[in-house]
Amino acid sequence: MQFEVITAFICLAWLAKATPVPLEERASSSLNSIAVAAGKKFFGTATNQDQFNDASYVDVMLAQFGSLTPANVQKWQYTEPSQGSYDYSQGDSFASYAAENGKILCCDNLVWYQQYPSWIDSQSWTAESLSEVMTNHITSEVSHYKGKCYSWNVVNEAFNDDGTWRENVFYNTIGEDYIAQSFAAAAAADPNAILYYNDYNIESPGAKATAVENLISSLKSQGIKIDAVGLESHFIVGETPSLSQQQQQMQAYANLGVDVFVTELDVRFSSLPPTEQGLQQQSEDYQASVGACAALGSKCPAISVWDFDDTYSWIPSTFSGQGDADLYWANLTAKPALAGIESVLVA
Ligand code: 9MR
């Protein structure tokens, strides 16, 4: 009898931990609504359609987040699988899903050294011929989604960590002008979308951040439309740049006349499992990014995480042995970081 009582108690305790907060209780104070009340345009998440048949996941996603970024299906390998032959079927169904659910669509991405189609590498190009292929791709995709994208991640991750240009087929063939050409093509195809350059390890002062500042200045001096810079913000617990470092760097970008978006925020543990103290540190690290964006006011319009549920985090498959980077545990209970960033936004 005593054994049964103890078992029942343990089960109840587990259920209390494992059961997500009911939708009605969350909806009135969702992360997105708190961010909007704080003057932000939205608090969003990246996601993938194959996760949409996970009802508990969708429940939290739709309740908490105001924008959706497709983590994959708008990338070049999906949208132009063979040269000149476009396939927007998956991207379209993502865009429709966002619209049907009243979510802002953040479009991602146009030119990147990863997830582009293999036909590009299997041919040889001149600067002119690859420029044509690249701008045709951008013109087609941005025109296709014209009016539907709040923003476009136009060029992704063009620099090495030491601030030198990343060697890739676009840079090696066209030279640094591939960036200006990409932004110009995107601007011509959808003048109303917010166009941004996106990268990681550019969230605090350093050689890479300086390279991005120089790029922004160069594009502006050429009269090329660039509206914003996207700070990916993939951090490690305990190694995240401080609030003041992030504020300083965001201000440096804003001073160049661009807005700043936090585009892919997550804070991973470099070793697992996390301790209670580690979870508090993770919360503080999340708060540093959100706090810096809050402090920048209207020049930092929005924040997105690169998914919110550890079940679907990109981290473990890329950084072996690392993880627990998202705002929610795999059972969809919130980590301390969720309440932490809410308190920053409320303040
Ligand atoms: O989340 C994306 C993952 O599903 C892909 O396998 C991966 C391929 O590199 O790209 C991920 O998204 C990346 C984003 O486009 C750019 N910044 C880093 C993200 C995580 O790798």
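Residues numbered from 1 in each chain as written. Predicted model: local features only at pLDDT ≥ 70, side-chain atom pairs only at ≥ 80, totals over all residues. Heavy atoms only, no water.

Peer 1: Run through the overall build of the protein chain, naming residues and quoting values.
Peer 2: Helix and strand content of the protein chain: 15 helices and nine strands. Taking 347 residues into account, the globule formula puts the C-alpha radius of gyration at 20 Å, and the protein chain, at 21 Å, falls close to it. Taking the principal axes of the C-alpha coordinates as reference, the protein chain spans close to 80 × 40 × 35 Å. Taking all 347 residues of the protein chain together, the buried fraction comes to 53%. Put simply, of all contacts in the protein chain between residues at least 6 apart along the chain, 78% involve residues at least 24 apart. Surface accessibility of the protein chain: about 14,400 Å² in total, with carbon and sulfur atoms responsible for 52%. Considering the protein chain, the positive charge centre built from 15 side chains and the negative charge centre built from 40 side chains are found 7 Å apart. (Helix = DSSP H or I, 4+ residues; strand = E, 2+ residues; numbered from the N terminus. Rg over C-alpha atoms; globule rule 2.2 N^0.38 Å. Buried < 20%, exposed > 50% of the residue type's maximum accessible area, 1.4 Å probe, protein only. Contact = heavy atoms within 4.5 Å. Areas by Shrake-Rupley, 256 points an atom, 1.4 Å probe, with all protein chains shown as cover. Lys, Arg positive; Asp, Glu negative; His and termini not counted. Charge placed at Lys NZ, Arg CZ, Asp CG, Glu CD.)

Peer 1: So, the pairing of strand E1 (residues 42-47): which residues are in play, and what are the values?
Peer 2: Of all six residues making up E1, six are buried, and the element is well covered by its neighbours. Both faces of E1 are covered, namely the face carrying Phe42, Gly44 and Ala46 and the face carrying Phe43, Thr45 and Thr47. For E1 and strand E9 (residues 302-305), the ladder comprises four bridges, and the chain directions are parallel. Bridging from a neighbouring strand, Phe43 pairs with Ile303 of E9. Bridge count between E1 and strand E2 (residues 67-70): three bridges; the pairing is parallel. Paired with Thr47 across the two strands is Pro70, which belongs to E2. Read from E1 through helix H4 (residues 55-64) to E2, the crossover connection turns out right-handed. (Pairing = 2+ DSSP bridges. Right-handed = clockwise from strand over helix to strand, strands pointing away.)

Peer 1: Got a sec to walk through helix H10 (residues 177-189)? Specific residues and values, please.
Peer 2: Between its first and last C-alpha, H10 extends 18 Å over 13 residues, near the 18 Å set by a 1.5 Å rise per residue. Taken together, the buried positions of H10 are occupied by Tyr178, Ile179, Ala180, Ser182, Phe183, Ala185, Ala186, Ala187 and Ala189. In this fold, the buried residues of H10 make contact with strand E3 (104-111), helix H8 (127-144), strand E4 (151-156), helix H9 (169-174), strand E5 (194-199) and helix H11 (207-221). (Expected span 1.5 Å × (residues − 1).)

Peer 1: Tell me about the environment of Gln322, residues and numbers included.
Peer 2: Here Gln322 shows up in the loop between helix H14 (315-318) and helix H15 (336-346). In this structure Gln322 comes out as buried when scored by relative accessible area, which is 17%. With 200 residues separating them along the chain, Gln322 and Ser122 place their C-alpha atoms 35 Å apart. Once residues within four sequence positions are removed from consideration, Gln322 is found in contact with Arg268, Phe269, Ser270, Leu272, Ile315 and Pro316. Among the polar contacts listed, one links the side chain of Gln322 to the side chain of Arg268, at a separation of 2.9 Å. (Polar contact = N/O pair within 3.5 Å; in protein donor to acceptor, adjacent residues only side chain to side chain.)

Peer 1: Break down the pattern of salt bridges for me, with residues and values.
Peer 2: A side chain with one charge can pair with a side chain of the opposite charge if their charged atoms come near. A full pass over the atoms with the stated rule returns five salt bridges. In this structure, Lys208 engages Asp161 in a salt bridge whose closest nitrogen and oxygen atoms are separated by 3.0 Å. Taken together, the positions of Lys208 in helix H11 and Asp161 in the loop between E4 and H9 put the pair 47 residues apart, joining distant regions of the chain. Among the ionic pairs, Asp227 bridges to Lys225, the shortest N-O distance being 2.7 Å. When its relative accessible area of 24% is taken as the criterion, Asp227 is described as partly exposed. Its relative accessible area of 29% is what places Lys225 among the partly exposed residues. By sharing partners, the salt bridges in this structure join Asp161, Asp199 and Lys208 into a single network. (Salt bridge = Lys/Arg side-chain N within 4 Å of Asp/Glu carboxyl O.)

Peer 1: Tell me about the site of the ligand, and please be specific about residues and values.
Peer 2: Around the ligand, 13 residues are found, and the nearest of them are Asn72, Lys75, Gln114, Glu264 and Trp306. A distance of 3.1 Å separates a nitrogen atom of the ligand from a polar atom in the side chain of Glu157. Here a nitrogen atom of the ligand sits 3.1 Å away from a polar atom, N or O, in the side chain of Glu232. If the ligand stood free it would expose 450 Å²; the protein chains cover 77% of that surface. A class-by-class count of the residues in the shell around the ligand yields four nonpolar, five polar and four charged. (Near = heavy atom within 4 Å. Nonpolar A, V, L, I, M, F, W, Y, C, P; charged D, E, K, R; others polar.)

Peer 1: Break down helix H13 (residues 276-295) for me, with residues and values.
Peer 2: With 20 residues, H13 extends 28 Å between its outermost C-alpha atoms, agreeing within 8% with the 28 Å of an ideal straight helix rising 1.5 Å per residue. When H13 is considered as a whole, its buried residues turn out to be Gly278, Leu279, Gln282, Ser283, Asp285, Tyr286, Ala288, Ser289, Val290, Gly291, Ala292 and Cys293. Looking at the buried positions of H13, the neighbouring elements they touch are E1, strand E7 (234-236), helix H12 (243-255), strand E8 (259-268), E9 and H15. Where H13 ends, the next residue or the one after it, Gly297, has phi of about 65°, a positive value.

Peer 1: Tell me about the UniProt feature "active site" (unreviewed entry) in the protein chain, residues and numbers included.
Peer 2: Within this structure's numbering, the places UniProt gives as "active site" (unreviewed entry) are Glu264. Note that Glu264 resides in strand E8. Apart from residues no more than four positions distant in its own chain, Glu264 is found in contact with Asn198, Leu231, Glu232, Ser233, His234, Ser304, Val305 and Trp306. Within the local environment of Glu264, its side chain forms a polar contact with the side chain of Asn198, the two groups lying 3.1 Å apart. (UniProt positions renumbered as here; feature names shortened; annotations may be inferred.)

Peer 1: I'd love a proper account of the packing of aromatic side chains, names of residues and values included.
Peer 2: Here the structure, examined in full by the defined rule, presents 23 aromatic pairs. When the centroid spacing of 5.3 Å and the interplanar angle of 80° are considered together, the rings of Phe42 and Tyr150 count as edge-to-face. Separated by 108 residues along the polypeptide, Phe42 in strand E1 and Tyr150 in the loop between H8 and E4 bring together distant segments of the chain. Residues Phe42 and Tyr150 agree in their burial class; the two are buried. Between Trp76 and Phe170, the aromatic rings sit 5.7 Å apart at their centres with planes inclined by 15°, giving stacked as the arrangement. Residue Trp76 is located in helix H5 (residues 76-79), and its partner Phe170 is located in helix H9; the two are separated by 94 residues in the primary sequence. (Phe/Tyr/Trp six-rings, centres within 6.5 Å; stacked < 30°, edge-to-face > 60°.)

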